[in-house]
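Structural characterization, general
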Amino acid sequence: MTIKGAEVNMDAIQAIKSRVSIRKYRNTPIPNEILEDIVDCGRLAPSGYNHQSYIFVVVTDQGMRNRISQAAKYGKFIKMVVTVPTFGLKCPSSQ
């Protein structure tokens, strides 16, 4: 993966063990190419019986982020970020 022109290599164990929570964000938009890569990685994640019963939505609109922040019990920080990649589950259709 390349971030700002620098090649970044990290194995899964190192990524999990060095993970940190961040609640202060820069007001810098994330390039669409990076957002597409992030969503693509999620799309490629395994799912039971390959059902892929989830959806991904990227929210860039400030008004919508404010509304999500107000509705989220533990997501008040959402209104401060520039882009919110979110994920949800598809409900099976009733027939």
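Going by the structure above, here's the rest.
Presented here is an overview of the structure given in this document. (Residues numbered from 1 in each chain as written. Predicted model: local features only at pLDDT ≥ 70, side-chain atom pairs only at ≥ 80, totals over all residues. Heavy atoms only, no water.)

Some points on the overall build of the protein
Of the regular secondary structure elements, the protein holds 3 helices and 4 strands. Mapped from its N terminus to its C terminus, the protein presents α and β elements in the order β-β-α-α-β-α-β. Burial analysis of the protein (95 residues in total) assigns 14% to the buried set. The long-range share in the protein, meaning contacts at least 24 apart out of those at least 6 apart in sequence, stands at 50%. (Helix = DSSP H or I, 4+ residues; strand = E, 2+ residues; numbered from the N terminus. Buried < 20%, exposed > 50% of the residue type's maximum accessible area, 1.4 Å probe, protein only. Contact = heavy atoms within 4.5 Å.)

Re the side chain of Ser69
Tracing the backbone shows Ser69 in helix H3 (residues 62–71). What Ser69 contacts, discounting residues up to four positions off in sequence, is Gly75, Lys76, Ile78 and Lys79.

Considerations on the pattern of salt bridges
Enumeration over the complete set of coordinates arrives at 1 salt bridge. A salt bridge links Asp40 to Arg43; the nearest nitrogen and oxygen atoms lie 2.6 Å apart. One end of the pair is Asp40 and the other is Arg43, both in helix H2 (residues 32–44) and 3 residues apart, which spans about a single turn. With a relative accessible area of 30%, Asp40 lands in the partly exposed category. Here Arg43 falls in the partly exposed class, since its relative accessible area comes to 41%. (Salt bridge = Lys/Arg side-chain N within 4 Å of Asp/Glu carboxyl O.)

Considering the side chain of Arg65
Tracing the chain through its elements places Arg65 in helix H3. Looking at Arg65, its side chain comes within polar contact range of the main-chain oxygen of Thr60, at 2.5 Å. (Polar contact = N/O pair within 3.5 Å; in protein donor to acceptor, adjacent residues only side chain to side chain.)

Quick notes on a nonpolar patch on the surface
Among the surface-exposed residues, Val20, Ile22, Tyr25 and Met80 lie close enough to one another that they form a single nonpolar patch of about 390 Å² accessible area. With respect to the element layout, Val20 can be found in the loop between helix H1 (12–17) and H2. On the basis of relative accessibility, which here comes to 59%, the residue Val20 falls in the exposed class. (Patch = residues over 30% accessible without salt bridge, like charges linked within 9 Å, V, L, I, M, F, W, Y side chains within 5 Å. Areas by Shrake-Rupley, 256 points an atom, 1.4 Å probe, with all protein chains shown as cover.)

Spatial relationships are all this shows, so hold off on functional conclusions.
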